[in-house]
Amino acid sequence: MDRKYSVFLSSTYEDLKEVREKVMQRLFMNGYMVNGMESFGARNGTVWEVIKESIADSDMLVMVIAGRYGSINPDEGISFTEQEYNYAVERGIPVLVFIRDKNSISMADCDTGEKKRKLDAFIKRIGNKKTVKFWTDLANLKFDVITALNREKNNPDILKKGWIKNSAALETEYKAFESKLKSAKNELIQVEADTKRSKRPTETVMNYYHVHIKIRGSVMECEQGQAVVTYTGSALVDAPEYPVIYRDRIRTGFGIQHQQFLPKATVRNQDEFRRNPILLDYEIKGTEKDKLFFTGEIVTNAQLRRDIGGTGLHIPYFAEYVAIELDISDVRFFQDYNGKAFLQSGEKETPIKDVQFCSNSGKYVVSAKEVPANANIMFKWNNVKSEE
C-alpha cells in the first residue's frame, strides 16, 4: 500500500535552523509530507490556531530539542515548543523525541537562568513518559528520525492513516475504509462535527496556504526561459457546502513540466493541457464532512531576467493566512537585487511588510494575512542601478 504520511516538525528555530532544513529535506526525500512553521511569522494567538490546525492534520510529530527552551507564550507561561508537545499528546498524535547530548551543544546555544530551569523540567517530564533518542550530530539525527518514523508508521494505529496515491483499486479501498471510519465515530465527535458545520463560512476560504518556491538555473537559463521553478505546498480549505472543492488556474508562457497533488487533482482541460501544457485548470475535491487539506507540487519553466524580474503566487480564494518561502540559493545572482513583495488585487498593489531574508540560506520568507480572493502575492527584484 503506497501511502504518504504527514509529519509536523517541532523545535526551537534560531539555534536549529540548519537542523530543521536538513531534517525536512530528508523527510521529503523519504516520501513524507512535512508541516513546519518557518513561514508562519511571529507566533501570536492567531498563529497558534494555525499551528493547532497543522498538528491536528499530521499523522506524527517529530520533536528536536537542543539547548534552548524557545519563545514563551505569555498566556500559558510555557514555550510554544512545549505547547506543541502538549497539544499533540492531547490529540493522541504519536510524538517522537530527539534530544541533543549536552556535551555537543555550544555554550552560545544554551539557555541560562529561568529558561534553563524550564527546559530541564520539560525534558525530565518527557523522559518520564516516553522513550527518547539522544543525538550528537546531524548525520545521525537524520538517520534516526527516518528509522523511527518508518518503525512508527507500522503500528496498527498509524498504519491506516496517511494519504493513498489515487488509482481505481486504491480509491475503492480508501472509500471503504473511509466509510468504516465514519461509522465508528462516537457521539462526541459527531457533536463536534455538527458544531463545526454550524459555523461554516458563507464563501470558500483558505484557513492557511503554505508554499515553498524553489528557483534553479544559470544566468543564461533564466534569461532564455529555461529556469526551473518548483512550487511545493499545502493548504486547508473550508466552504459553505461539502464536499469542499478547490479550483485554480495556472498559466505560464514557458511550459508546465509536472503537477501532482494529494488528494489527486482533476485536470479540467486535460486534452488541451496534454497538447500544449501552458495552462493548467484543475480542481481538488475533499471528503463529504470535513475541511479539505491537500498538498501538491507544480514544476514550471520561467524566464527570469537578471536585471529585473520576479515570480508570484495566485490566491484563488480569501485566505486567512499565507506564508511563502522563496528559495533563491541556486540563483545567487538574484540575492543582491533589492527584492520586494507586494499584494496585487485588481489594479491595486500593496507592499507586504512581513518579509525576511536569510542571507546564509538564500531564502525570503513572506507572510500575509486576510488576502482577498483572486489576488496575487508577487515578489520582484530590480538590479537596474540609477545614474548618479
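Residues numbered from 1 in each chain as written. Predicted model: local features only at pLDDT ≥ 70, side-chain atom pairs only at ≥ 80, totals over all residues. Heavy atoms only, no water.

1. With respect to the pairing of strand 4 (residues 60-65)
Working step 1: Counting buried residues in strand 4 gives 6 out of 6 residues, a clear majority hidden from the surface.
Working step 2: Of the two faces of strand 4, the one lined by Met 60, Val 62 and Val 64 and the one lined by Leu 61, Met 63 and Ile 65 are each fully buried.
Working step 3: The pairing of strand 2 (residues 6-11) with strand 4 spans 5 bridges and is classified as parallel. Residue Ser 11 lies in a different strand from strand 4, and its bridge partner there is Val 64. (Buried < 20%, exposed > 50% of the residue type's maximum accessible area, 1.4 Å probe, protein only. Helix = DSSP H or I, 4+ residues; strand = E, 2+ residues; numbered from the N terminus. Pairing = 2+ DSSP bridges.)

2. Comments concerning the confidence of the model for the protein chain
Working step 1: Confidence in the prediction of the protein chain, expressed as mean pLDDT, is 84, and 84% of residues score 70 or more.
Working step 2: Across the protein chain, element-level confidence peaks in strand 7 (residues 95-100) with a mean pLDDT of 95 and bottoms out in helix 8 (residues 187-198) with 59.
Working step 3: Below pLDDT 50 for its whole length, residues 41-45 participates in 9 contacts with residues either more than four positions away or in separate chains. (pLDDT = per-residue confidence, 0-100. Contact = heavy atoms within 4.5 Å.)

3. Notes on the pattern of salt bridges
Working step 1: Here the structure, examined in full by the defined rule, presents 16 salt bridges.
Working step 2: With its nearest N and O atoms 3.3 Å apart, the salt bridge here joins Glu 21 to Lys 363. Linking Glu 21 in helix 1 (residues 17-29) with Lys 363 in strand 22 (residues 363-371), this pair joins segments that are 342 residues apart in sequence.
Working step 3: With a closest N to O distance of 3.2 Å, Asp 327 and Lys 214 form a salt bridge. Here the residue Asp 327 occupies a position in strand 18 (residues 318-330), and Lys 214 occupies one in strand 10 (residues 205-216), the gap between them amounting to 113 residues.
Working step 4: For Asp 327, a relative accessible area of 5% translates into the label buried.
Working step 5: Each of Lys 214, Arg 216, Asp 327 and Asp 330 takes part in a single network of salt bridges with overlapping partners. (Salt bridge = Lys/Arg side-chain N within 4 Å of Asp/Glu carboxyl O.)

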